[in-house]
Amino acid sequence: MSGDVLEARVERQVHRGLRLDVELALGAERALLFGASGAGKTTLLRLLAGLLRPDAGFIRLGDRVLFDRPGRPRPARPRVDVPLRARGIGFIFQDDLLFTHLDVYANIRYGLRGRERAAARFDEVVGLCGVGHLLGRRPATLSGGERQRVGLARALATRPRLLLCDESFSALDPSARYDLIARLRHVQEAEAIPVLYVSHFAREAIPFGARVFAMHDGRMIVHGTRPLDVLSRSGEGLAGVLNVFEGVVEGHDDHGSTRLRLDGGPTLVVPYNGQAVGARLTVGVGADDIVLARGPVAGVSARNVLAARVERVVARGAEAEVLATTGALTWVVGVTAPAVAALGLAEGAEVALIVKARSCHILDARP
(Lines give C-alpha, C1' and ligand atoms only; values in the text may rest on other atoms or scores of the structure.)
Protein backbone atom coordinates (compact mmCIF):
# COMPACT_ATOMS: atom_id res chain seq x y z
CA MET A 1 0.00 0.00 0.00
CA SER A 2 1.78 3.11 -1.20
CA GLY A 3 -0.31 5.91 0.27
CA ASP A 4 1.38 8.25 -2.22
CA VAL A 5 0.09 11.78 -2.67
CA LEU A 6 0.09 13.43 -6.09
CA GLU A 7 0.83 17.15 -6.03
CA ALA A 8 1.13 19.18 -9.22
CA ARG A 9 1.17 22.76 -10.46
CA VAL A 10 1.56 22.83 -14.24
CA GLU A 11 1.34 25.40 -17.01
CA ARG A 12 1.35 24.81 -20.76
CA GLN A 13 0.35 26.81 -23.80
CA VAL A 14 -1.70 24.16 -25.60
CA HIS A 15 -2.60 26.37 -28.56
CA ARG A 16 -3.38 30.03 -29.17
CA GLY A 17 -6.84 29.72 -27.65
CA LEU A 18 -6.01 27.53 -24.65
CA ARG A 19 -3.47 27.93 -21.88
CA LEU A 20 -3.46 25.25 -19.20
CA ASP A 21 -2.81 26.51 -15.67
CA VAL A 22 -3.76 23.88 -13.12
CA GLU A 23 -3.02 23.06 -9.49
CA LEU A 24 -3.94 19.58 -8.29
CA ALA A 25 -3.57 17.53 -5.09
CA LEU A 26 -4.77 13.94 -4.78
CA GLY A 27 -4.16 11.36 -2.08
CA ALA A 28 -4.66 7.59 -2.27
CA GLU A 29 -8.23 8.07 -3.43
CA ARG A 30 -10.47 8.12 -6.48
CA ALA A 31 -10.98 11.34 -8.41
CA LEU A 32 -13.11 12.13 -11.43
CA LEU A 33 -12.12 15.00 -13.73
CA PHE A 34 -14.75 16.37 -16.09
CA GLY A 35 -15.27 19.33 -18.35
CA ALA A 36 -16.34 20.23 -21.86
CA SER A 37 -14.40 18.97 -24.85
CA GLY A 38 -11.30 21.13 -25.26
CA ALA A 39 -11.08 22.09 -21.57
CA GLY A 40 -7.61 20.54 -21.28
CA LYS A 41 -8.40 17.29 -19.44
CA THR A 42 -6.39 14.95 -21.67
CA THR A 43 -3.51 17.43 -21.85
CA LEU A 44 -3.34 17.48 -18.05
CA LEU A 45 -3.14 13.68 -17.88
CA ARG A 46 -0.40 13.61 -20.51
CA LEU A 47 1.60 16.21 -18.58
CA LEU A 48 1.32 14.16 -15.40
CA ALA A 49 2.35 10.96 -17.18
CA GLY A 50 5.34 12.50 -18.96
CA LEU A 51 3.90 12.23 -22.47
CA LEU A 52 4.00 16.05 -22.65
CA ARG A 53 6.30 18.51 -20.88
CA PRO A 54 4.92 21.52 -18.95
CA ASP A 55 6.20 24.99 -19.81
CA ALA A 56 6.57 25.55 -16.08
CA GLY A 57 5.61 23.98 -12.77
CA PHE A 58 6.25 20.83 -10.76
CA ILE A 59 4.89 17.32 -10.35
CA ARG A 60 5.49 15.28 -7.17
CA LEU A 61 4.33 11.77 -6.39
CA GLY A 62 4.96 10.78 -2.81
CA ASP A 63 8.57 11.58 -1.97
CA ARG A 64 9.67 11.75 -5.65
CA VAL A 65 9.87 14.89 -7.75
CA LEU A 66 8.93 13.84 -11.29
CA PHE A 67 9.18 17.26 -12.90
CA ASP A 68 10.41 20.68 -11.83
CA ARG A 69 10.77 23.76 -14.00
CA PRO A 70 10.47 27.24 -12.50
CA GLY A 71 8.39 29.88 -14.24
CA ARG A 72 9.74 32.89 -16.08
CA PRO A 73 12.58 33.58 -16.38
CA ARG A 74 12.99 29.84 -16.81
CA PRO A 75 16.09 27.83 -17.68
CA ALA A 76 16.43 26.17 -21.08
CA ARG A 77 15.98 22.75 -19.50
CA PRO A 78 13.84 21.52 -16.60
CA ARG A 79 15.75 20.95 -13.37
CA VAL A 80 14.01 17.56 -13.05
CA ASP A 81 12.23 15.63 -15.80
CA VAL A 82 11.80 11.92 -15.03
CA PRO A 83 10.99 9.98 -18.22
CA LEU A 84 7.63 8.30 -18.59
CA ARG A 85 9.00 4.76 -18.20
CA ALA A 86 10.52 5.63 -14.80
CA ARG A 87 7.59 7.55 -13.28
CA GLY A 88 5.68 4.53 -11.97
CA ILE A 89 2.43 5.72 -13.54
CA GLY A 90 -0.19 3.50 -15.17
CA PHE A 91 -2.17 4.97 -18.08
CA ILE A 92 -5.36 3.58 -19.63
CA PHE A 93 -6.37 5.21 -22.91
CA GLN A 94 -9.80 5.29 -24.55
CA ASP A 95 -8.28 3.02 -27.19
CA ASP A 96 -7.01 0.15 -25.03
CA LEU A 97 -3.87 -0.31 -27.23
CA LEU A 98 -3.71 -4.07 -26.62
CA PHE A 99 -1.27 -6.06 -28.73
CA THR A 100 -3.56 -7.69 -31.26
CA HIS A 101 -1.11 -10.49 -32.11
CA LEU A 102 -0.91 -11.61 -28.46
CA ASP A 103 -3.54 -13.32 -26.34
CA VAL A 104 -4.77 -11.82 -23.08
CA TYR A 105 -2.25 -13.83 -21.04
CA ALA A 106 0.69 -12.44 -23.03
CA ASN A 107 -0.69 -8.90 -23.04
CA ILE A 108 -0.80 -8.80 -19.25
CA ARG A 109 2.56 -10.56 -18.84
CA TYR A 110 4.26 -8.17 -21.26
CA GLY A 111 5.08 -5.53 -18.64
CA LEU A 112 6.21 -8.09 -16.07
CA ARG A 113 9.25 -9.39 -17.94
CA GLY A 114 12.25 -9.60 -15.64
CA ARG A 115 10.33 -8.47 -12.56
CA GLU A 116 10.48 -10.23 -9.21
CA ARG A 117 7.39 -12.16 -8.16
CA ALA A 118 5.96 -11.70 -11.66
CA ALA A 119 3.83 -14.84 -11.42
CA ALA A 120 2.28 -13.81 -8.11
CA ARG A 121 1.54 -10.30 -9.37
CA PHE A 122 0.04 -11.70 -12.56
CA ASP A 123 -2.37 -13.86 -10.57
CA GLU A 124 -3.20 -10.90 -8.33
CA VAL A 125 -4.21 -8.50 -11.12
CA VAL A 126 -6.03 -11.19 -13.10
CA GLY A 127 -8.22 -11.86 -10.07
CA LEU A 128 -8.63 -8.18 -9.23
CA CYS A 129 -9.78 -7.30 -12.75
CA GLY A 130 -11.84 -10.45 -13.28
CA VAL A 131 -10.16 -11.56 -16.53
CA GLY A 132 -9.12 -15.12 -15.63
CA HIS A 133 -11.63 -16.61 -18.08
CA LEU A 134 -10.23 -14.50 -20.95
CA LEU A 135 -6.54 -15.46 -20.80
CA GLY A 136 -6.49 -17.64 -23.91
CA ARG A 137 -8.38 -15.22 -26.16
CA ARG A 138 -7.12 -12.61 -28.63
CA PRO A 139 -8.22 -8.95 -28.29
CA ALA A 140 -10.25 -9.12 -31.51
CA THR A 141 -12.61 -11.65 -29.89
CA LEU A 142 -13.31 -9.51 -26.81
CA SER A 143 -16.14 -7.07 -26.16
CA GLY A 144 -15.32 -3.43 -25.47
CA GLY A 145 -15.77 -3.92 -21.74
CA GLU A 146 -13.61 -7.04 -21.70
CA ARG A 147 -10.84 -5.23 -23.59
CA GLN A 148 -10.87 -2.40 -21.06
CA ARG A 149 -10.65 -4.85 -18.15
CA VAL A 150 -7.63 -6.45 -19.80
CA GLY A 151 -6.12 -3.00 -20.33
CA LEU A 152 -6.69 -2.24 -16.66
CA ALA A 153 -4.98 -5.48 -15.62
CA ARG A 154 -2.01 -4.73 -17.87
CA ALA A 155 -1.68 -1.19 -16.47
CA LEU A 156 -1.78 -2.53 -12.90
CA ALA A 157 0.67 -5.37 -13.45
CA THR A 158 3.75 -3.21 -12.84
CA ARG A 159 2.37 -1.85 -9.53
CA PRO A 160 1.98 1.80 -10.57
CA ARG A 161 1.97 4.44 -7.86
CA LEU A 162 -0.67 6.42 -9.78
CA LEU A 163 -3.32 5.32 -12.29
CA LEU A 164 -4.59 7.71 -14.99
CA CYS A 165 -7.68 6.82 -17.06
CA ASP A 166 -8.39 9.00 -20.10
CA GLU A 167 -12.08 8.60 -20.95
CA SER A 168 -11.35 4.90 -20.97
CA PHE A 169 -14.97 3.74 -20.82
CA SER A 170 -16.74 6.46 -22.83
CA ALA A 171 -17.32 4.30 -25.91
CA LEU A 172 -19.13 1.58 -23.93
CA ASP A 173 -22.85 1.22 -23.40
CA PRO A 174 -24.09 2.46 -19.99
CA SER A 175 -24.32 -0.99 -18.41
CA ALA A 176 -20.75 -1.94 -19.35
CA ARG A 177 -19.50 1.52 -18.38
CA TYR A 178 -20.97 1.39 -14.90
CA ASP A 179 -19.73 -2.16 -14.41
CA LEU A 180 -16.19 -0.97 -15.14
CA ILE A 181 -16.60 2.05 -12.87
CA ALA A 182 -17.52 -0.33 -10.07
CA ARG A 183 -14.49 -2.48 -10.94
CA LEU A 184 -12.24 0.59 -10.88
CA ARG A 185 -13.55 1.47 -7.42
CA HIS A 186 -12.56 -1.97 -6.15
CA VAL A 187 -9.14 -1.71 -7.80
CA GLN A 188 -8.41 1.62 -6.14
CA GLU A 189 -9.47 0.30 -2.75
CA ALA A 190 -7.32 -2.83 -3.13
CA GLU A 191 -4.22 -1.05 -4.48
CA ALA A 192 -4.54 2.10 -2.30
CA ILE A 193 -3.14 4.39 -5.00
CA PRO A 194 -4.39 7.68 -6.45
CA VAL A 195 -6.69 7.12 -9.43
CA LEU A 196 -7.59 10.06 -11.71
CA TYR A 197 -10.40 9.22 -14.12
CA VAL A 198 -11.35 11.62 -16.94
CA SER A 199 -14.91 11.41 -18.22
CA HIS A 200 -17.30 13.33 -20.46
CA PHE A 201 -20.09 12.11 -18.19
CA ALA A 202 -20.05 14.28 -15.06
CA ARG A 203 -22.83 12.19 -13.55
CA GLU A 204 -20.39 9.26 -13.27
CA ALA A 205 -18.88 11.05 -10.27
CA ILE A 206 -21.72 9.72 -8.13
CA PRO A 207 -21.27 5.98 -8.78
CA PHE A 208 -17.50 6.47 -8.77
CA GLY A 209 -17.87 7.87 -5.24
CA ALA A 210 -14.93 10.15 -5.64
CA ARG A 211 -13.31 13.52 -5.26
CA VAL A 212 -14.46 15.61 -8.20
CA PHE A 213 -12.58 18.19 -10.28
CA ALA A 214 -14.30 20.36 -12.91
CA MET A 215 -12.21 22.03 -15.62
CA HIS A 216 -13.05 24.89 -17.95
CA ASP A 217 -10.72 26.59 -20.45
CA GLY A 218 -7.58 25.08 -18.96
CA ARG A 219 -8.36 25.84 -15.30
CA MET A 220 -9.99 24.09 -12.39
CA ILE A 221 -13.24 25.91 -11.67
CA VAL A 222 -14.45 23.82 -8.73
CA HIS A 223 -13.52 20.69 -6.82
CA GLY A 224 -14.55 18.84 -3.70
CA THR A 225 -15.26 15.50 -2.06
CA ARG A 226 -19.08 15.67 -2.31
CA PRO A 227 -19.92 14.86 -5.93
CA LEU A 228 -23.50 16.15 -5.75
CA ASP A 229 -22.34 19.51 -4.42
CA VAL A 230 -19.60 19.87 -7.03
CA LEU A 231 -21.96 19.01 -9.88
CA SER A 232 -24.50 21.53 -8.63
CA ARG A 233 -21.89 24.30 -8.25
CA SER A 234 -20.41 23.59 -11.67
CA GLY A 235 -23.78 24.01 -13.36
CA GLU A 236 -24.02 20.35 -14.37
CA GLY A 237 -27.43 18.72 -14.24
CA LEU A 238 -27.98 15.35 -12.60
CA ALA A 239 -30.25 13.94 -15.31
CA GLY A 240 -29.53 10.30 -16.05
CA VAL A 241 -27.65 9.72 -12.79
CA LEU A 242 -27.30 6.13 -11.68
CA ASN A 243 -27.50 5.62 -7.92
CA VAL A 244 -24.82 3.06 -7.08
CA PHE A 245 -24.54 1.32 -3.72
CA GLU A 246 -22.73 -1.67 -2.29
CA GLY A 247 -24.21 -4.29 -0.04
CA VAL A 248 -24.25 -7.86 1.20
CA VAL A 249 -26.58 -10.64 0.09
CA GLU A 250 -28.95 -11.46 2.95
CA GLY A 251 -30.80 -14.26 1.20
CA HIS A 252 -33.00 -15.31 -1.70
CA ASP A 253 -36.77 -15.53 -1.97
CA ASP A 254 -38.73 -18.42 -3.47
CA HIS A 255 -40.26 -16.15 -6.12
CA GLY A 256 -36.95 -15.34 -7.82
CA SER A 257 -35.47 -12.37 -6.03
CA THR A 258 -32.50 -11.56 -3.80
CA ARG A 259 -32.42 -9.46 -0.64
CA LEU A 260 -29.43 -7.11 -0.58
CA ARG A 261 -28.56 -5.26 2.63
CA LEU A 262 -27.09 -1.94 1.52
CA ASP A 263 -24.07 -0.62 3.41
CA GLY A 264 -25.41 2.12 5.67
CA GLY A 265 -28.94 1.73 4.34
CA PRO A 266 -32.01 -0.46 4.00
CA THR A 267 -32.47 -3.90 2.47
CA LEU A 268 -33.22 -3.77 -1.25
CA VAL A 269 -35.01 -6.51 -3.18
CA VAL A 270 -33.21 -7.08 -6.49
CA PRO A 271 -33.53 -9.69 -9.26
CA TYR A 272 -32.25 -13.14 -8.30
CA ASN A 273 -28.53 -13.39 -9.07
CA GLY A 274 -27.35 -16.68 -7.56
CA GLN A 275 -24.65 -15.17 -5.36
CA ALA A 276 -24.06 -16.86 -2.02
CA VAL A 277 -25.33 -15.34 1.21
CA GLY A 278 -22.63 -12.94 2.43
CA ALA A 279 -21.36 -12.11 -1.06
CA ARG A 280 -20.82 -8.43 -1.80
CA LEU A 281 -22.66 -6.85 -4.72
CA THR A 282 -22.73 -3.44 -6.34
CA VAL A 283 -26.20 -2.37 -7.45
CA GLY A 284 -27.31 0.52 -9.65
CA VAL A 285 -30.72 2.21 -9.72
CA GLY A 286 -31.44 4.96 -12.24
CA ALA A 287 -32.66 8.29 -10.87
CA ASP A 288 -35.53 8.17 -13.36
CA ASP A 289 -36.54 4.66 -12.27
CA ILE A 290 -37.60 5.77 -8.79
CA VAL A 291 -41.10 7.03 -7.92
CA LEU A 292 -41.64 9.38 -4.97
CA ALA A 293 -44.75 9.29 -2.80
CA ARG A 294 -46.02 11.22 0.22
CA GLY A 295 -48.08 9.57 2.93
CA PRO A 296 -48.90 5.84 3.34
CA VAL A 297 -48.19 3.65 0.32
CA ALA A 298 -50.31 0.58 -0.38
CA GLY A 299 -51.35 -1.56 -3.30
CA VAL A 300 -48.21 -1.23 -5.47
CA SER A 301 -46.45 -3.98 -7.39
CA ALA A 302 -42.96 -2.63 -6.74
CA ARG A 303 -41.01 -4.76 -4.26
CA ASN A 304 -39.24 -1.83 -2.60
CA VAL A 305 -40.96 0.94 -0.65
CA LEU A 306 -38.27 2.76 1.32
CA ALA A 307 -38.87 5.45 3.94
CA ALA A 308 -36.70 8.49 3.20
CA ARG A 309 -36.25 12.17 3.99
CA VAL A 310 -35.72 14.94 1.42
CA GLU A 311 -32.30 16.53 1.80
CA ARG A 312 -32.45 18.98 -1.10
CA VAL A 313 -34.32 19.78 -4.30
CA VAL A 314 -32.24 20.89 -7.30
CA ALA A 315 -34.51 22.68 -9.81
CA ARG A 316 -33.65 22.75 -13.53
CA GLY A 317 -36.45 24.53 -15.35
CA ALA A 318 -39.24 22.05 -16.05
CA GLU A 319 -37.34 19.25 -14.32
CA ALA A 320 -35.69 18.71 -10.96
CA GLU A 321 -33.67 16.24 -8.95
CA VAL A 322 -34.60 15.36 -5.40
CA LEU A 323 -31.83 14.24 -3.06
CA ALA A 324 -33.33 11.92 -0.45
CA THR A 325 -31.63 9.99 2.34
CA THR A 326 -32.22 6.52 3.73
CA GLY A 327 -29.88 5.97 6.66
CA ALA A 328 -26.40 7.03 5.55
CA LEU A 329 -27.23 6.80 1.83
CA THR A 330 -28.25 9.64 -0.49
CA TRP A 331 -30.44 8.86 -3.49
CA VAL A 332 -30.94 11.05 -6.55
CA VAL A 333 -34.51 10.95 -7.88
CA GLY A 334 -35.54 12.57 -11.16
CA VAL A 335 -38.91 14.37 -11.08
CA THR A 336 -40.75 17.15 -12.92
CA ALA A 337 -41.17 20.66 -11.53
CA PRO A 338 -44.98 20.23 -11.25
CA ALA A 339 -44.40 17.10 -9.15
CA VAL A 340 -42.23 19.09 -6.74
CA ALA A 341 -45.06 21.55 -6.20
CA ALA A 342 -47.85 18.96 -6.10
CA LEU A 343 -46.10 16.79 -3.51
CA GLY A 344 -44.74 19.66 -1.47
CA LEU A 345 -41.18 18.40 -1.82
CA ALA A 346 -38.84 20.45 0.31
CA GLU A 347 -35.97 19.91 2.72
CA GLY A 348 -37.04 17.67 5.61
CA ALA A 349 -40.16 16.24 3.91
CA GLU A 350 -40.86 12.58 4.64
CA VAL A 351 -41.23 10.56 1.44
CA ALA A 352 -41.30 6.99 0.19
CA LEU A 353 -38.98 5.79 -2.54
CA ILE A 354 -40.76 3.22 -4.71
CA VAL A 355 -38.37 1.02 -6.68
CA LYS A 356 -39.15 -2.01 -8.82
CA ALA A 357 -36.85 -4.96 -8.28
CA ARG A 358 -36.29 -5.15 -12.05
CA SER A 359 -34.98 -1.55 -11.98
CA CYS A 360 -32.09 -2.67 -9.74
CA HIS A 361 -29.13 -3.69 -11.86
CA ILE A 362 -26.26 -5.72 -10.43
CA LEU A 363 -23.05 -4.09 -11.67
CA ASP A 364 -20.39 -6.17 -10.00
CA ALA A 365 -20.04 -9.06 -7.57
CA ARG A 366 -17.27 -10.01 -5.14
CA PRO A 367 -16.99 -13.00 -2.78
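Just so you know, the residues in each chain are numbered from 1, in the order the chain's sequence is written. pLDDT decides what is reported in this predicted model: residues at 70 or higher carry local features, side-chain atom pairs at 80 or more are listed and counted, and totals for whole chains, interfaces and linings draw on all residues regardless. For side-chain calculations, the full set of non-hydrogen atoms in the structure is used, while hydrogens and water are omitted.

Draft legend 1. Region of interest: the overall build of the chain. Runs of E in the DSSP output that reach at least two residues are strands. Runs of H or I that reach at least four are helices, and both are numbered from the N terminus. A count of helical and extended segments in the chain gives eight helices and 21 strands. We take the radius of gyration over the C-alpha atoms and set the globule estimate at 2.2 Å times the residue count to the 0.38 power. For the chain, the C-alpha radius of gyration of 22 Å lies close to 21 Å, the compact-globule estimate for 367 residues. Principal-axis analysis of the C-alpha atoms gives the chain an extent of 75 × 50 × 35 Å. The buried label goes to any residue with under 20% of its type's maximum accessible area, the exposed label to any with over 50%, and the partly exposed label to all in between, with areas taken from a 1.4 Å probe on protein chains only. Going through the 367 residues of the chain one by one, you find that 50% of them count as buried. Note on areas: Shrake-Rupley, 1.4 Å probe, and residue coverage restricted to the protein chains presented here. Within the structure as shown, the chain displays about 16,300 Å² of accessible surface, and the carbon and sulfur contribution to it stands at 49%. Under the counting rule used here, the positive set is Lys and Arg, the negative set is Asp and Glu, and His together with the chain ends is not counted. In this description, the location of a charge corresponds to atom NZ of lysine, CZ of arginine, CG of aspartate or CD of glutamate. Taken together, the 48 basic and 40 acidic charged side chains of the chain have centroids lying 6 Å from each other.

Draft legend 2. Representation of the nonpolar core. Take the buried Ala, Val, Leu, Ile, Met, Phe, Trp, Tyr and Cys residues and link them wherever side-chain atoms come within 4.5 Å; each set so joined is a nonpolar core. If you look at the biggest cluster of nonpolar residues, it comprises 53 residues, and the most contacted ones within it are Ile108, Leu163 and Leu184. Only heavy atoms enter the contact rule, under which two residues are in contact if any of them lie within 4.5 Å. Filtering out sequence-adjacent residues up to four positions away, isoleucine 108 remains in contact with Phe122, Val125, Val126, Val131, Leu135, Val150, Ala153, Arg154 and Ala157.

Draft legend 3. Structural context of the environment of aspartate 21. In this fold, aspartate 21 is placed in strand 2 (residues 18–26). Each C-alpha atom, one on aspartate 21 and one on methionine 220, is 8.3 Å from the other, the two residues being 199 residues apart in sequence. In this structure aspartate 21 touches Arg9, Val10, Glu11, Gly218 and Arg219, once residues within four positions along its chain are discounted. Under this definition, polar contacts are N or O atom pairs within 3.5 Å; protein pairs additionally need one hydrogen-donor-capable and one acceptor-capable atom, and for neighbouring residues in sequence, both atoms have to be side-chain atoms. Polar side-chain contacts of aspartate 21 include one of 2.4 Å to the side chain of arginine 9.

Draft legend 4. Focus on the sheet that holds strand 4 (residues 56–61). At least two DSSP bridges between two strands are required for those strands to pair. Here five strands make up an open sheet; going across it, the order is 2-1-4-5-6 and the pairing antiparallel. The open sheet has two edge strands with one neighbour each: strand 2 and strand 6 (80–81). By the bridge criterion, six bridges tie strand 1 (residues 6–15) to strand 4 in an arrangement that is antiparallel. Within the sheet, the bridge partner assigned to leucine 6 lies in strand 4 and is leucine 61. Angular values range over 0 to 180 degrees, each being the angle between N-to-C directions of two axes fitted as lines to C-alpha atoms, with helices fitted over their stretch in contact. Its contacts with the sheet place helix 1 (residues 41–49) against strand 1, strand 2 and strand 4, and it is angled at close to 120° to strand 1.

Draft legend 5. Just the packing of helix 3 (residues 118–129) against helix 4 (residues 144–157), in detail. Look at helix 3 against helix 4: their axes get within 9 Å of each other, and the N-to-C directions meet at 145°. In this structure, the crossing between helix 3 and helix 4 has a hand that is right-handed. On the side of helix 3, the interface is formed by Arg121, Val125, Leu128 and Cys129, while helix 4 contributes Arg149, Leu152, Ala153, Leu156 and Ala157. For a crossing to be left-handed, the near helix must be turned anticlockwise from the far one by less than a right angle; the clockwise case is right-handed.

Draft legend 6. Highlighting the sheet that holds strand 16 (residues 290–293). Pairing in this open sheet of five strands is antiparallel, and the strands run 16-20-17-18-19 from one edge to the other. Single-partner strands in this sheet number two, and they are strand 16 and strand 19 (329–336). Going across the sheet, the axis of each strand differs from the next one's by a mean of 45°, ignoring polarity. Taken together, the seven bridges between strand 17 (residues 304–316) and strand 18 (residues 319–326) define a ladder with antiparallel strand orientation. The residue bridging arginine 309 from the neighbouring strand is threonine 325, located in strand 18.

From the geometry alone we can't say anything about function, so treat these as descriptive.
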